[in-house]
Amino acid sequence: MAQPTIIFDFDGTIADTGPEALRILNELSSKYGFRHLSDEEAESLRDKTSEEWIKYIGISLFKLPFFLNE
């Protein structure tokens, strides 16, 4: 029997997950108290690092593990 395979597509070549990730980010923004992003803002952050995203949206490093878990 073949083993299952999991493919991680971080650069969007297989699936464009950006809009769904933005929807989830914005859905959780009020719960965790960080900035809600427009499509234009998200596009302007496209080439930024994760650290730059976190700083821009204003999520505290204390809340980050809880946000990521959810």
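Residues numbered from 1 in each chain as written. Predicted model: local features only at pLDDT ≥ 70, side-chain atom pairs only at ≥ 80, totals over all residues. Heavy atoms only, no water.

1. Section: the environment of Asn26
(1) Moving on: Relative to the helices and strands, Asn26 is located in helix 1 (residues 18-32).
(2) Moving on: Separated by 11 residues in the primary sequence, Asn26 and Leu37 place their C-alpha atoms 6.5 Å from one another.
(3) Moving on: Ignoring sequence-local partners within four residues, the contact set of Asn26 consists of Arg35, His36 and Leu37. (Helix = DSSP H or I, 4+ residues; strand = E, 2+ residues; numbered from the N terminus. Contact = heavy atoms within 4.5 Å.)

2. What to know about the packing of aromatic side chains
(1) Moving on: Taken as a whole and assessed by the stated rule, the structure comprises 3 aromatic pairs.
(2) Moving on: Between Tyr32 and Phe67, the ring centres sit 6.0 Å apart and the planes meet at 75 degrees, which makes this aromatic pair edge-to-face. Here the residue Tyr32 occupies a position in helix 1, and Phe67 occupies one in helix 4 (residues 64-69), the gap between them amounting to 35 residues. Here the two residues Tyr32 and Phe67 agree in accessibility, since each one is buried.
(3) Moving on: With a centroid separation of 5.2 Å and an interplanar angle of 80 degrees, the aromatic rings of Phe34 and Phe67 are classed as edge-to-face. Of this pair, Phe34 sits in the loop between helix 1 and helix 2 (39-44) while Phe67 sits in helix 4, and the two are 33 residues apart along the sequence. Phe67 shares its class with Phe34; the two are buried.
(4) Moving on: These aromatic residues form a ring-pair network of at least three members: Tyr32, Phe34 and Phe67. (Phe/Tyr/Trp six-rings, centres within 6.5 Å; stacked < 30°, edge-to-face > 60°. Buried < 20%, exposed > 50% of the residue type's maximum accessible area, 1.4 Å probe, protein only.)

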